[in-house]
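An overview of the molecular structure
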Amino acid sequence: ANGMVVCCLIVFIYAIIGIGLFKGKFHIAISSRFSLMSLVKDFNQEGLYKNSGRWQAGERNFDNIWNALSVLFEIITTEGWLDVMYAGVDSVGIEM
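A brief report on the enclosed structure follows.

Thresholds applied
Residues numbered from 1 in each chain as written. Predicted model: local features only at pLDDT ≥ 70, side-chain atom pairs only at ≥ 80, totals over all residues. Heavy atoms only, no water. Helix = DSSP H or I, 4+ residues; strand = E, 2+ residues; numbered from the N terminus. Phe/Tyr/Trp six-rings, centres within 6.5 Å; stacked < 30°, edge-to-face > 60°. Axes fitted to C-alpha atoms, helices over the stretch in contact; angles between N-to-C directions. Left-handed = near helix turned anticlockwise from the far one by under 90°. Contact = heavy atoms within 4.5 Å. Nonpolar A, V, L, I, M, F, W, Y, C, P; charged D, E, K, R; others polar.

1. Here's the deal with unusual backbone geometry
- Its identity as a non-glycine residue notwithstanding, Thr78 has a phi of 60 degrees, on the positive side.
- Within the fold, Thr78 resides in the loop between helix 4 (65-76) and helix 5 (81-89).

2. Thoughts on the packing of aromatic side chains
- Under the defined criterion, the tally for this structure stands at three aromatic pairs.
- Through a chain of ring-to-ring contacts, three or more aromatic side chains come together here, namely Phe22, Phe26 and Phe62.

3. Description of the packing of helix 1 (residues 2-22) against helix 4
- It is the contact of helix 1 with helix 4, at a shortest axis distance of 9 Å, that shows an interaxial angle of 115 degrees. Two packed elements cross with a definite hand, and for helix 1 against helix 4 that hand is right-handed. Of the residues in helix 4, those in contact with Val11, Phe12, Tyr14, Ala15, Ile16 and Ile19 of helix 1 are Ile65, Ala68, Leu69, Leu72 and Ile76.
- Of the residues contributing to the contact of helix 1 with helix 4, the split by class is 11 nonpolar, no polar and no charged.

4. Looking at the environment of Ser91
- For Ser91, the location among the structural elements is in the segment after helix 5.
- For the pair formed by Ser91 and Ala57, sequence separation is 34 residues and the distance between their alpha carbons is 9.9 Å.
- Every residue in contact with Ser91, bar those within four places of it in the chain, is listed here: Lys25 and Phe26.

Printed below as a string of structure tokens:
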């Protein structure tokens, strides 16, 4: 029982560190009017807003403590950790 409390505390601390490092960084640009060529040609702020796009938080993010804990749980259990890794590689902050 004591070991479980210590493990939960460690995961909670890592979640807080993750929020401090990655809050607002796991966003993706969403637009229904993007084609593949316009993505390559106009993938900047002007192109995104010209095509009525918006920024949206990705499915896996560190924007709040619950999302951070679920991402860390996913990494710890090694179920779908590759999706988290790819989201981290592709991550950009808002308007970057």
